[in-house]
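What follows is the residue order along each chain.
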Amino acid sequence: SVQFDITPLQTLPFTLAPNTGVDIEINYTPVTEGLASETFTVFSNDPNDPYASIELIGQSISPVLSPGQQIEQILNAYDVAVEDGTIEGVGNKQSAKNKLRVFGKMLSITEKLIDQGYDKYAIRVLRMIEKKCDGQKRPKDFIQGPAAEALNSQINELIDSLQQ
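Residues numbered from 1 in each chain as written. Predicted model: local features only at pLDDT ≥ 70, side-chain atom pairs only at ≥ 80, totals over all residues. Heavy atoms only, no water.

S.K.: Looking at this structure, how should I read helix α2 (residues 93-115)?
M.R.: The α-helix winds at 3.6 residues per turn, so residues separated by three or four positions along the chain end up facing the same way. For α2, spanning 23 residues, the distance from its first C-alpha to its last is 33 Å, which sits close to the expected 33 Å at 1.5 Å a residue. Among the residues of α2, those classed as buried are Ala-96, Leu-100, Phe-103, Gly-104, Met-106, Leu-107, Thr-110, Leu-113 and Ile-114. Close packing links the buried residues of α2 with α1 (67-84), β5 (88-89), α3 (119-131), β6 (143-144) and α4 (148-163). Two residues or fewer after α2 comes Gly-117, characterised by a positive phi angle close to 85°. (Helix = DSSP H or I, 4+ residues; strand = E, 2+ residues; numbered from the N terminus. Expected span 1.5 Å × (residues − 1). Buried < 20%, exposed > 50% of the residue type's maximum accessible area, 1.4 Å probe, protein only. Contact = heavy atoms within 4.5 Å.)

S.K.: What should I look at first to understand the nonpolar core in this one?
M.R.: Nonpolar side chains in soluble globular proteins generally cluster together in the buried interior. Residues Ile-87, Phe-103, Leu-107, Ile-129, Ile-143, Leu-151 and Ile-155 are the most contacted members of the largest nonpolar core, which totals 27 residues. Those elements that place two or more of their residues in this core are α1, α2, α3 and α4. (Core = buried A, V, L, I, M, F, W, Y, C linked by side-chain atoms within 4.5 Å.)

S.K.: What should I look at first to understand the packing of α2 against α3 in this one?
M.R.: The geometry of a pair of packed helices is captured by two quantities: the angle between their axes and the separation between those axes. Contact pair α2 / α3: the axes reach a minimum separation of 8 Å and the direction vectors enclose 160°. As far as their axial angle goes, α3 and α2 are roughly antiparallel. You can see that α2 and α3 cross each other, and the crossing is left-handed. Residue-level inspection shows Phe-103, Met-106, Leu-107, Thr-110, Leu-113 and Ile-114 of α2 in contact with α3, the latter providing Asp-119, Tyr-121, Ala-122, Val-125, Leu-126, Met-128 and Ile-129. (Axes fitted to C-alpha atoms, helices over the stretch in contact; angles between N-to-C directions. Parallel < 35°, antiparallel > 145°, perpendicular 65-115°, else oblique. Left-handed = near helix turned anticlockwise from the far one by under 90°.)

S.K.: Explain α4 to me, please; I cannot follow it from the model alone.
M.R.: For α4, spanning 16 residues, the distance from its first C-alpha to its last is 23 Å, which sits close to the expected 22 Å at 1.5 Å a residue. If you check which residues of α4 are buried, you get Ala-148, Leu-151, Asn-152, Ile-155, Leu-158, Ile-159 and Leu-162. Buried positions in α4, seen along its axis, are confined to an arc of 120° and lie on one side of it. Residues of α4 that are buried in the fold lie against α1, α2, α3 and β6. (Arc of directions from axis to C-beta.)

That's the geometry; what it means functionally is another story.
Put into structure tokens, the structure is as follows:
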């Protein structure tokens, strides 16, 4: 996957007159967290220096999201997981539907609390929500499925963010 790309002022290849130059923009778009490098090589018809290589290095870090952005991501992940069936309610048909709906409503309440600046109350609700998707027997979970563990992890990260 390409993390560095160039945006020349004109199309490649191009010819320059002696002692002239051209600006080339190099964009870095990280696809993974961490260090990335690539070699950018310029070829020429100069008999003494037929090419010049430049090592491009980029460092990406995880973005720091606000609690509002985090709960928005959690709600989006929840909606997608419900739609694609990677989470579902626990219990018989009606009970499972109700638990899934209540879980979503608790997330929505948390978003409203965060938006209004009631972080202390949001933490309380999030702790209840976290216990309903942690895979433990007590208290019984409201949701289950492949996406439940990732959702639980995001909820714990949000609790940590709100406590700072």
